[in-house]
Amino acid sequence: MKAFYTNNNGLVEIQKWTSNCWIHIESPTESDKNYLLEELQLPEAFYNDIEDIDERPRIEIEDGWTLIIMRIPIKSGDVKIPFHTVPLGIIFKDDICVTISFYKTEIIKDFVAYSQRKSIEIEDNFNLVLRLLLSSSVWYLKYLKQINHKIKLAEDNLEKSIKNEELQALLQIEKCFVFFITSLKANDVLFQRIKNLKAHKANYDPELLEDVEIELNQAQDTANIYNNILTGMMDAYASVISNNMNNIMKQMTSISIILMIPTLIASLYGMNVPNGLEESKYGIWILLLISIILSSFGVFLFKRRRWF
């Protein structure tokens, strides 16, 4: 999908490319790829880098073209990993500015709508990059709240009964935190590099820089806090499971000892040595009575928890 945007009391979509407009391409088709590489003459290496889902945030300059890659959060269709992060590439040179995402995201539509509500004008390409960083940080926080809600639901279910499904859900959420924390740290490193570019440092809006830094730090702190809470909760449930296993093993050991009493008595009686009962017609009944009495006494002690 290809869209063109220009300034008009906020970003407004237009039908075709004009000088200094912003081109956004989402889930590019083969025709979109040809448009970028043949008509706009974008470096193919930049396009391939953005396509790599594991590409890390960075800034690179080649033949007058500038490539900036940041990682943005998305809600994936994968049940095992409900939230993920993907690269968003910004490529610009002179009056051409293109953003490319190989995955569907809610960020761009929300960013355009927000610019219209606030009548935000995009001053230059780096201004667009900083505002996209700001918008992505806000969306990280939105998704972190949704993840925290999933943690609370799993916690409520675990309080009722510890099942594999709830524990697996927590493990899946833990993976989401790994992606979020890693991507936020990389975005922060990218922001610091952009912030300290000598050629553009004087043109930055100080308030915008402060807003981006605050939102990035808040997103990182929130992700770390939620991750620590989840880690502590999983450790607690691991201890509960281990304690339950110990109780079960204790009960099984006690039962095995109780069941061993009749076997021991029968074994002693069956030995080929004199025991005083070999000639008695009541010998077997006496042994059964002794076994019952000792086993009952063992059950009584087990219930009173005196053995262990």
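Keep in mind that what you see is a predicted model, and the values were worked out from it rather than measured.

Draft legend 1. View of the overall build of the protein. Helix and strand content of the protein: seven helices and seven strands. Traced from its N-terminal end to its C-terminal end, the protein shows the element sequence β-β-β-α-α-β-β-β-β-α-α-α-α-α. A burial count over the protein gives 41% of its 308 residues as buried. Here the contacts in the protein between residues at least 6 apart in sequence split such that 64% fall between residues at least 24 apart. Summing over all exposed atoms, the protein offers an accessible surface of approximately 17,600 Å²; the carbon and sulfur share of this is 55%.

Draft legend 2. Local environment of helix α1 (residues 30-39). Taken together, the buried positions of α1 are occupied by Asp32, Tyr35, Leu36 and Leu37. Its buried side turned inward, α1 meets β1 (2-7), β3 (22-26), α2 (44-51) and β7 (96-101). In the segment just after α1, Gln41 is the residue with positive phi, at about 65 degrees.

Draft legend 3. Here's a closer look at the pattern of salt bridges. Summed over all chains, the structure comprises four salt bridges. The residue Glu55 makes a salt bridge to Arg58 at a minimum N-O spacing of 2.2 Å. Assigned by exposure class, Glu55 and Arg58 land together as buried. It is possible to trace a salt-bridge network through shared partners that takes in Asp49, Glu55, Arg58 and Glu60.

Draft legend 4. Fine view of the side chain of Ser101. With respect to the helices and strands, Ser101 occurs in strand β7. At 2.8 Å, the side chain of Ser101 and the backbone oxygen of Tyr103 are in polar contact. When neighbours within four sequence positions are excluded, Ser101 is seen to be in contact with His24, Ile25, Glu26, Ser27, Pro28, Pro87 and Leu88.

Draft legend 5. Summary view of the nonpolar core. Membership of the largest hydrophobic core comes to 58 residues, with the highest contact counts inside it found for Trp22, Ile68 and Met70. Every element with two or more residues in this core is listed here: β1, β5 (65-75), β6 (83-93), α3 (107-118), α4 (125-160), α5 (164-195) and α6 (206-269). Counting residues per element, this core draws most heavily on α4, which supplies 15 residues. In contact with Ile68, not counting residues within four places along its chain, are Arg58, Ile59, Leu88, Gly89, Ile90, Phe92, Phe126, Val129, Leu190 and Ile194. Counting 20 residues, the second largest nonpolar core, distinct from the first, contains Ile25, Leu36, Leu37 and Phe46.

Draft legend 6. Focus on the packing of aromatic side chains. Tallied over the full model, the rule gives eight aromatic pairs. Residues Trp22 and Phe111 carry aromatic rings whose centres are separated by 5.9 Å and whose planes lie at 75 degrees to one another, so their mutual orientation is edge-to-face. Of this pair, Trp22 sits in strand β3 while Phe111 sits in helix α3; the two residues are 89 residues apart in sequence, bridging distant segments of the chain. Ring pairing ties together the aromatic residues Tyr5, Trp22 and Phe111, which thus form one cluster.

Draft legend 7. Region of interest: the pairing of β6. Of all eleven residues that make up β6, ten are buried, and the element is covered over most of its length. Remark: two residues form the turn of the hairpin made by β6 and β7, two consecutive strands paired antiparallel; Asp94 in that turn has positive phi of roughly 55 degrees.

Draft legend 8. Structural view of the environment of Thr182. Mapped onto the fold, Thr182 is located in helix α5. Between the C-alpha atom of Thr182 and that of Arg56, which follows or precedes it by 126 residues, the distance is 9.7 Å.

Draft legend 9. Seen up close, unusual backbone geometry. The backbone of Asn20 sits at a positive phi, close to 65 degrees, despite the residue not being glycine. In this structure, Asn20 sits in the loop between β2 (11-14) and β3. For Asn20, a relative accessible area of 60% translates into the label exposed. For Asp63, which is not glycine, the phi dihedral falls at a positive 55 degrees. Of note, Asp63 is situated in the loop between β4 (58-62) and β5.

Draft legend 10. Expanded view of the sheet that holds β4. With respect to topology, seven strands assemble into an open sheet ordered β2-β1-β3-β7-β6-β5-β4, the strand pairing being mixed. A strand with exactly one partner marks an edge of an open sheet, and here the two such strands are β2 and β4. Going from strand to strand, the sheet's axes swing by 25 degrees on average, the running direction of each strand aside. The pairing of β6 with β7 spans five bridges and is antiparallel.

Calculation criteria
Residues numbered from 1 in each chain as written. Predicted model: local features only at pLDDT ≥ 70, side-chain atom pairs only at ≥ 80, totals over all residues. Heavy atoms only, no water. Helix = DSSP H or I, 4+ residues; strand = E, 2+ residues; numbered from the N terminus. Buried < 20%, exposed > 50% of the residue type's maximum accessible area, 1.4 Å probe, protein only. Contact = heavy atoms within 4.5 Å. Areas by Shrake-Rupley, 256 points an atom, 1.4 Å probe, with all protein chains shown as cover. Salt bridge = Lys/Arg side-chain N within 4 Å of Asp/Glu carboxyl O. Polar contact = N/O pair within 3.5 Å; in protein donor to acceptor, adjacent residues only side chain to side chain. Core = buried A, V, L, I, M, F, W, Y, C linked by side-chain atoms within 4.5 Å. Phe/Tyr/Trp six-rings, centres within 6.5 Å; stacked < 30°, edge-to-face > 60°. Pairing = 2+ DSSP bridges. Axes fitted to C-alpha atoms, helices over the stretch in contact; angles between N-to-C directions.

None of the figures reported here should be taken as evidence of function without further support.
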